[in-house]
Amino acid sequence: MPKRPFAAKGDVPAPLVDGIARLAARLGLPGDFPEDVLREAGRLAASAPARSGREDLTGLPFVTIDPPGSKDLDQALLIERSGDGFRVWYAIVDVAAWVPPDSLVAVEATRRGQTYYAPNVRLPLYPPVLCEGAASLLPDGVPRPANVWRIDLDAAGAVDDVAVIRAFVASTAQLAYPGVQAAIEDGSVPEPLRWLKTVGELRLAQERARGGVSLNLPEQDIVADGPHWRCEFRTPAPVENWNAQISLLTGFCAAGLMRRGGVGILRTLPVAREADVDLLRHIAATLHLAWPPGTGYPDFVRSLDPGVPADQAMMNACTLLFRGAAYTVIGSAEDTGHMPHGALASEYAHTTAPLRRLVDRYTGEICAGLAVGEPVPDWVRSGLDGLPGAMASSDRRAKAYERGIIAMTEALVLSGRVGQRFQGVVIDVDQRDPRRGVASVPSVAVEAPVSSAAPLTLGAETTLTLTHVDVAQGQVAFTADGPAAQAGDR
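Cut-offs applied
Residues numbered from 1 in each chain as written. Predicted model: local features only at pLDDT ≥ 70, side-chain atom pairs only at ≥ 80, totals over all residues. Heavy atoms only, no water. 1 Å grid on protein atoms, 1.4 Å probe; cavity = no way out; pocket = protein on both sides within 12 Å on 5 of 7 lines; lining within 4 Å. Points joined across faces, edges and corners; volume = space filled by probe spheres on them. Helix = DSSP H or I, 4+ residues; strand = E, 2+ residues; numbered from the N terminus. Nonpolar A, V, L, I, M, F, W, Y, C, P; charged D, E, K, R; others polar. Salt bridge = Lys/Arg side-chain N within 4 Å of Asp/Glu carboxyl O. Buried < 20%, exposed > 50% of the residue type's maximum accessible area, 1.4 Å probe, protein only. Core = buried A, V, L, I, M, F, W, Y, C linked by side-chain atoms within 4.5 Å. Contact = heavy atoms within 4.5 Å. Pairing = 2+ DSSP bridges. Polar contact = N/O pair within 3.5 Å; in protein donor to acceptor, adjacent residues only side chain to side chain. pLDDT = per-residue confidence, 0-100. Expected span 1.5 Å × (residues − 1). Phe/Tyr/Trp six-rings, centres within 6.5 Å; stacked < 30°, edge-to-face > 60°. Lys NZ or Arg CZ within 6 Å of the ring centre and 35° of its normal.

1. A word on empty space enclosed by the protein
Scanning the entire structure with this criterion turns up three cavities of 30 Å³ or more. Around the largest cavity sit 13 residues that line it, and I92, V93, N147, D360 and G364 are the ones nearest its centre. Only β5 (85-93), β8 (144-153) and α11 (358-370) provide two or more residues apiece to the lining of the largest cavity. The element best represented in the lining of the largest cavity is α11, accounting for four residues. Per-class residue counts for the lining of the largest cavity are six nonpolar, three polar and four charged.

What follows is the structure, given as structure tokens:
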């Protein structure tokens, strides 16, 4: 799902506000919505989507699970026991029910591509009156149109049957990850999520069985509370991974439905090349990490512990195999007939975040139609060819925006500390100049360039001196004073 990385409280420091504004301008990010788009969005939000042709599923006790403070609620979940297996109900906002294809709002969304997040501002895909109000699955008792996925799983978590239902639903509660995790641990979890842990773990087992892999590096988050700003490395709570498995499950089902129907768009990632895997084996050997000959790449990655310096460096190197993600239209010249997402080991589609990602409005409409034998609308077919380029452009901007904001926050956290020494881990070494690389500094949750008079050792714990900080440009630099400890054998 698109990341919601920033949740600031209180005032954002002025240097960061100015820097974020300059960064957004440099990347060409969208600003405020034009007045005519806002007026049209207001009219659309005030209109009641037609109830004809939709089932009434308002009796199902759907709940939403999101980061604290979220307002753009795309999905609502309910999991039931069904015989020896499970029935997953997943309600996804039907944005197409609110936004006509020829509307000004639709044209503006195509220009934006996705929602962009910063600590002090949010640049949404759709005007807030829609994405945070009328269309969002808020627990206010108001029935809203959704494409509801009904996915039946067997006792092992494999898919038995899939249906997509155009319906009206009503969310009964807005939950956040920390509260749900605590409720699961103490046994007070609400009934709609009673089976989330079980199903999530079954789906993780299915992932392992098919050769998929998730690279669970600690996330680098910005924590803001009034004037106190810092970065933190955060390992996602188990409930976040279980919930992500429900989204992935839906994406697999959507890909299969579209593939069988011969129309749609997939999220693709090249399968790892043997030469790249060989390179990773070489890096593992350099770090003195055991990678037995009969162990595949996915199982090796799952054996790594991000809390161990050598393992953290190895996981950073493994990002090599997660590059090259794209969107590919089914039936296009790029379609090979079977395009599994390399990391997930299955064909996959984005379809669960339509309030925050443009492509999901298209896949939702395609799947809802294919599921009941309806023709795919002309506006969807005619718009598919332009989606890969539009999404690639917005992805590049979103990633650059996030990287830039984190870099500026790192500089803000370290401002005034030039000359101080820190303990860090070398997580990357420049192949062209081994005296340069990247170090992770756990005490301040910073990842920044490092240089040394001697060649750096990948995975080494190293004493670092902070030599340069520029908040406006988001620049931080360290020099390595010398290794404190080499990566140990495992």
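Having put the structure on the table, let's press on.
2. So, the pattern of salt bridges
Taken as a whole and assessed by the stated rule, the structure comprises 22 salt bridges. Measuring nitrogen to oxygen at the nearest pair gives 2.8 Å for the salt bridge that ties R144 to D140. Residue R144 is classed as buried on the basis of its relative accessible area of 4%. In this structure, E365 and R166 form a salt bridge, with 3.5 Å as the shortest nitrogen-oxygen distance. Remark: R166 occurs in strand β9 (residues 159-169) and E365 occurs in helix α11; sequence separation between them is 199 residues. Of the residues examined, E365 reaches a relative accessible area of 11% and is grouped as buried. Look at the salt bridges and you will find they share partners, linking R54, D94, R166, E365 and E374 into a network.

3. Describing the nonpolar core
In terms of nonpolar packing, the biggest core is built from 85 residues, with V148 and W149 touching the most fellow members. Dropping the residues within four chain positions of it, W149 is found in contact with V88, W89, Y90, I92, V162, A163, V164, T250, C253, A254, L257 and C367. Core analysis: the next-biggest nonpolar cluster, separate from the first, contains 56 residues, V213, Y297, V426 and V429 among them.

4. Digging into the environment of T352
Looking at the element boundaries, T352 is found in the loop between β14 (326-329) and α11. Residues T352 and A118, 234 residues apart in the sequence, show an inter-C-alpha distance of 22 Å.

5. Quick look at the pairing of β5
In terms of burial, β5 is largely enclosed, as eight of its nine residues are buried. Examined bridge by bridge, strand β4 (residues 75-82) and β5 share eight bridges and lie antiparallel to one another. Considered in β5, the bridge of L77 is made with Y90. Counting the residues between successive antiparallel strands, the hairpin from β4 to β5 contains two residues, one of them, G83, with a positive phi of roughly 60°. Relative to β8, β5 runs antiparallel, the two sharing eight bridges. Residue pairing across strands places R87 opposite D152, the latter belonging to β8.

6. Here's the deal with the environment of Q75
Along the chain, Q75 falls in strand β4. Here Q75 falls in the buried class, since its relative accessible area comes to 3%. Taking C-alpha positions, Q75 is 9.0 Å from S247, a pair spaced 172 residues apart along the chain. A distance of 2.7 Å separates the side chain of Q75 from the backbone oxygen of T352, its partner in a polar contact.

7. A look at the side chain of Q181
Mapped onto the fold, Q181 is located in helix α5 (residues 177-186). Setting aside its immediate chain neighbours within four residues, Q181 contacts A237, P238, V239 and W242.

8. Looking at the confidence of the model for the protein chain
Overall, the predicted model of the protein chain reaches an average pLDDT of 91, with 95% of residues at or above 70. Confidence drops under pLDDT 50 across residues 484-490; counting only partners more than four residues distant or on other chains, this segment forms 21 contacts.

9. Let's talk about helix α7 (residues 238-261)
Each full turn of the α-helix corresponds to 3.6 residues, which orients residues three or four apart in the same direction. Under the 1.5 Å per step criterion, the end-to-end length of α7 is 35 Å for 24 residues, consistent within 8% with the ideal 34 Å. G262 lies just past α7 and shows a positive phi near 75°.

10. Thoughts on the packing of aromatic side chains
The tally for this structure, following the rule as stated, stands at five aromatic pairs. Considering the side-chain rings of F252 and Y348, the 5.6 Å spacing of their centres and the 65° angle between planes classify their relative orientation as edge-to-face. Remark: Y348 occurs in the loop between β14 and α11 and F252 occurs in helix α7; sequence separation between them is 96 residues. Of the two residues, F252 and Y348, neither departs from the other in class, the shared state being buried. Here the basic side chain of R81 rests over the ring of W195, its NZ or CZ set 5.0 Å away from the ring centre. Positioned above the aromatic ring of F33, the side-chain terminus of R112 is 3.6 Å from the ring centre.

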